[in-house]
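# Chains, contacts and geometry: an overview
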Amino acid sequence: MEPIRIGVLGLGTVGAGTVNVLRRNAGEIARRAGRGIEVTRAAVRDPGRPRDCDLAGLDLTGDAGAVVDDPSIDVIVELIGGTSAARDLVMRAIAQGKHVVTANKALIALHGNEVFTAARAAGAIIAFEASVAGAIPVIKSLREGLAGNRIRSLAGIINGTSNFILTAMQSGGQPFDEVLAEAQALGYAEADPTFDIEGIDAAHKLTILASIAFGHPLQFDRVHVEGLGAVEPADISYADQLGYRIKQLGLARRTDRGIEMRVHPTMVPKQRLLASVDGVMNAVLIEGDAAGPIVCHGAGAGAEPTASSVVADLVDVVRTLTTDPDQRVPHLAFQPDRITDVPVLAMEEVESAYYLRMLAEDRPGVLAELASILGGLDISIEAVVQREPPRGVSQVHLIMLTHRVRESRMNTAVAGIEASSCIEGPVTRIRVEHFEAD
Ligand code: NAP
Ligand code: HSE
C-alpha cells in the first residue's frame, strides 16, 4: 500500500523530534500502522535556519498554507503553537477534510469546541495526545482505557518546566532565572515561558483532561489559576520540615455541587507518589470508581518524548482512515450529543486544607489572637510551627497547617489575620492535598 504523506507545520523542538522519530523507527511504525508514514513537506517561519533533523527528501517552505493546501498531503501535523496562525491553518486543513495531529494545548483548550465541531462536519480526525503531559498516553488512558469508569478526580503534575524549577528550588542554590534558562535551552518551556510559570499551560492541559474525564465542554475560563510566584525557598524548606513537597498541580474533582478545576502550588505529603515526581517528569493520578487510583508517569516535555505521542496519534489516524467516521473514538471521549454542561465550582466554593505562613510579632498573646480569628470561623488548626528569630529581631515566621475548609471562609480568615496589628505583610497560603488514594 502507498505510504501516507504528511505535512509538518513547525520544525522546532517537537517538529524536529517528530521527523527524527518517524525516520528512525519507520519500519516499526509501518508494521503497526499497516502503511508507511512519510514526511514529504514541512513549513517553518525561517527556512534558512539550521534544523535539528535530517531534511533530506523533505520540501521545506516558509508558506504553511501551501503545505495545508497541497493535494498530495493526507495528514497535517501542527507543531507551530499559539492560537492565531495555528488555528487558521488547522481550520483550513479541516475545511479540506484533512486529518490533523497537534501538540497545541492552547489551541485545543481555547478553540477545541469549535475545532471539533468543524472536524466532525468534515469527517476529519483531530488527534492531540501530545498536548498533555508529553510522552504519557494520558488522553488515551482516560478516553479509552478507563471508559468503563465514572471518573472521580484527576491530579497532575502537568507542566514540566515548573516542575523542573520547583525541583531545582528544592535542591537549593540555583537562581530561578538560571533554572528557567536551562529549561528553555532543553526545549521544555513554551515560546512565552510565563505560560509555564504562571500556570496557564497547566490550565490548558487541565481543561482538556477535565472535559475528557467528566464529559463537559472545554471551559478554560472556568479554571482557577495561580502560578509559582508566591512560593519562596522558605516555604519549600518549611514544607520539607513538615513532611511535604510543594508541587504545581492541576486538580479536577467531581463533587456533589459541581466540578472543581484549579491549578496552583500544592503541598503533597512526601510519601505520596506525586511528591517524588521530579525535574521535567509529569504524572497524573486518576481516580475511577471501578479502577481505583492509577498513576501515569513519564517525561512531560522535550523533543522525542513529545514526538512519541505525536507519532502514536499518526499511527492511530492511519489505522482509522478506513473506519466509519461515526464509529471513531470521540474527541472528548463522550459522544458529542452526550456532552453535558456540568456546573464548575467557583474557587470560593472549593474545599482544601491550607498552609499559612506569616511574619508575626514575637510577643505573648499573638498565637491566641490568631487562634481566635481561625476558631471564630470554625477553622481547625492541625499544626503550628514558630521559627525563632535571630538575636535582635522582633518578628518570627509563624506557620500554620489547617484542616479542610471552604476557600471563602479561608479568604475571610486571611483578611482578618492580615488586618491584625501583630502581623506584618501578606499571608502566604499554599493549599494542601493528602491524596489518601495513591
Ligand atoms: P518551537 O520550538 O518554538 O517551534 C515552533 C516552530 O514553528 C518553529 O519551527 C517555527 O519556525 C515554526 N513556526 C512558527 N510560526 C510559524 C508560521 N506562521 N508558519 C510556519 N512555521 C511557523 O515550539 P515547540 O516547543 O516545538 O512547540 C510546538 C508546539 O508543541 C506548541 O504548541 C507547544 O505548546 C507544544 N508542545 C511542546 C512541547 C515541548 O516540550 N517543547 C511539549 C508538548 C507540546 P522557525 O523555527 O523558523 O522559527
Ligand atoms: N512547556 C510545556 C511544559 C511543554 O513545560 O510542560 C510540554 O507541554
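Before reading further, recall that the structure is shown in the block above.
Residues numbered from 1 in each chain as written. Chains lettered and ligands numbered in written order. Predicted model: local features only at pLDDT ≥ 70, side-chain atom pairs only at ≥ 80, totals over all residues. Heavy atoms only, no water.

### Examining the overall build of the chain
In terms of helices and strands, the chain carries 14 helices and 17 strands. Relative to the compact-globule value of 22 Å for 438 residues, the chain shows a C-alpha radius of gyration of 24 Å, a close match. Taken along the three principal axes of its C-alpha coordinates, the chain extends 80 × 45 × 35 Å. Across the 438 residues of the chain, 51% fall into the buried class. When contacts within the chain are restricted to residue pairs at least 6 apart in sequence, those whose partners lie at least 24 apart make up 74%. On the chain, roughly 18,100 Å² of surface is accessible, and the fraction owed to carbon and sulfur atoms is 50%. Looking at charge distribution, the chain has the averaged site of its 41 positive side-chain charges lying 4 Å from that of its 56 negative ones. (Helix = DSSP H or I, 4+ residues; strand = E, 2+ residues; numbered from the N terminus. Rg over C-alpha atoms; globule rule 2.2 N^0.38 Å. Buried < 20%, exposed > 50% of the residue type's maximum accessible area, 1.4 Å probe, protein only. Contact = heavy atoms within 4.5 Å. Areas by Shrake-Rupley, 256 points an atom, 1.4 Å probe, with all protein chains shown as cover. Lys, Arg positive; Asp, Glu negative; His and termini not counted. Charge placed at Lys NZ, Arg CZ, Asp CG, Glu CD.)

### Section: the packing of aromatic side chains
Each aromatic ring pair is summarised here by two numbers: the centre-to-centre distance and the angle between the ring planes. This structure, assessed with the given rule, holds two aromatic pairs. On the numbers, 5.6 Å between centres and 75° between planes, the contact of Phe 164 with Tyr 188 is edge-to-face. Note that Phe 164 is positioned in helix H7 (residues 160-171) and Tyr 188 in the loop between helix H8 (176-185) and helix H9 (194-197), a separation of 24 residues in sequence. According to the relative accessible area criterion, Tyr 188 is buried, its value standing at 17%. (Phe/Tyr/Trp six-rings, centres within 6.5 Å; stacked < 30°, edge-to-face > 60°.)

### Overview of the nonpolar core
Core analysis: the biggest nonpolar cluster contains 51 residues, and Ile 126, Val 138, Leu 142, Ile 208, Leu 209 and Ile 286 have the highest contact counts within it. If you list the elements that add at least two residues to this core, you get helix H3 (64-69), helix H4 (85-95), helix H5 (105-122), helix H6 (138-145), strand S7 (151-157), helix H10 (200-214), strand S10 (258-269) and strand S11 (281-288). With residues near it in sequence (within four places) discarded, Ile 208 still touches Lys 105, Ile 108, Ala 109, Phe 128, Ser 131, Val 132, Ile 139 and Leu 218. One finds Ile 6, Val 14, Val 77 and Ala 130 within the second-largest nonpolar core, a separate group that totals 32 residues. (Core = buried A, V, L, I, M, F, W, Y, C linked by side-chain atoms within 4.5 Å.)

### Some details on unusual backbone geometry
The residue Ala 133 is not glycine, and still its phi comes out positive at about 65°. Summarising the element assignment, Ala 133 is placed in the loop between strand S6 (126-127) and H6. With phi around 65°, Asp 378 is a residue other than glycine that occupies positive phi space. Within the secondary structure layout, Asp 378 lies in the loop between helix H13 (366-376) and strand S14 (381-387). Using a relative accessible area of 63% as the deciding quantity, one classes Asp 378 as exposed.

### Topic: the site of ligand 1
Not every one of the 24 residues close to ligand 1 is listed here, only the nearest: Asp 46, Arg 51, Lys 105, Glu 190 and Gly 302. Separating an oxygen atom of ligand 1 from a backbone N or O atom of Leu 11 is a distance of 3.0 Å. The separation between an oxygen atom of ligand 1 and a polar side-chain atom of Glu 190 is 2.7 Å. Its free accessible area being 900 Å², ligand 1 has 86% of it covered by the protein chains. Residue classes in the shell around ligand 1 are distributed as ten nonpolar, eight polar and six charged. (Near = heavy atom within 4 Å. Polar contact = N/O pair within 3.5 Å; in protein donor to acceptor, adjacent residues only side chain to side chain. Nonpolar A, V, L, I, M, F, W, Y, C, P; charged D, E, K, R; others polar.)

### Some details on the sheet that holds strand S1 (residues 4-9)
With parallel pairing, six strands are arranged side by side in an open sheet as S3-S2-S1-S4-S5-S6. The open sheet has two edge strands, strand S3 (59-61) and S6, and neither has a second partner. Bridge count for strand S5 (residues 99-102) against S6 is two bridges, and the pairing is parallel. What sits directly across from Val 100, in S6, is Ile 126. Across the sheet, helix H1 (residues 13-24) lies against S1 and strand S2 (37-43), angled at about 155° from S2, the strand it touches most. (Pairing = 2+ DSSP bridges. Axes fitted to C-alpha atoms, helices over the stretch in contact; angles between N-to-C directions.)

### What to know about the side chain of Thr 161
Position of Thr 161 relative to the elements: it lies in helix H7. Polar side-chain contacts of Thr 161 include one of 3.3 Å to the backbone oxygen of Tyr 188. Setting aside residues no more than four positions away along its own chain, Thr 161 makes contact with Leu 180, Ala 183, Tyr 188, Ala 189 and Asp 196.

### Here's the deal with the pattern of salt bridges
Tallied over the entire structure, the rule returns 32 salt bridges. Note that Asp 69 and Arg 92 form a salt bridge whose closest N and O atoms lie 2.6 Å from each other. With Asp 69 in helix H3 and Arg 92 in helix H4, this residue pair connects regions lying 23 residues apart in the sequence. Judged by relative accessible area, which is 36%, Arg 92 ranks as partly exposed. Across the pair Glu 433 and Arg 253 runs a salt bridge, and its minimum N-O distance is 3.1 Å. With Glu 433 in the segment after strand S17 (423-432) and Arg 253 in strand S9 (residues 244-255), this pair connects stretches of sequence that are 180 residues apart. Assessed through its relative accessible area of 2%, Glu 433 is described here as buried. (Salt bridge = Lys/Arg side-chain N within 4 Å of Asp/Glu carboxyl O.)

### A short note on the site of ligand 2
Near ligand 2 you find Lys 105, Asn 159, Gly 160, Thr 161, Tyr 188, Ala 189, Glu 190, Asp 196, Asp 201, Lys 205, Gly 300 and Ala 301, and these make up its full shell. In the model, an oxygen atom of ligand 2 is placed 2.7 Å from a nitrogen or oxygen of the Gly 160 main chain. At 2.7 Å from a nitrogen atom of ligand 2 is found a side-chain nitrogen or oxygen belonging to Asp 196. When the free accessible area of ligand 2 is taken as 250 Å², the share hidden by the protein chains comes to 93%. Within the residue set of the shell around ligand 2, elements represented by two or more residues are H7 and H10.

### Details of helix H14 (residues 407-419)
Helix length check: H14 (13 residues) gives 18 Å between terminal C-alpha atoms against 18 Å at 1.5 Å per residue, within 8%. Turning to H14, its buried residues are Glu 407, Met 410, Ala 413, Val 414 and Ile 417. The arc that holds the buried residues of H14, viewed along the axis, is 115°, so those residues lie on one side. (Expected span 1.5 Å × (residues − 1). Arc of directions from axis to C-beta.)

### Quick look at the pairing of S2
Of all seven residues in S2, six are buried; the element is thus mostly enclosed. Here S1 runs beside S2; their pairing, made up of six bridges, is parallel. Looking across to S2, one finds that Gly 7 is bridged to Arg 41. Where S2 and S3 come together, three bridges link them in parallel fashion. Residue Arg 41 lies in a different strand from S3, and its bridge partner there is Asp 59.

Fair warning: the whole summary comes from geometry, so function is off the table for now.
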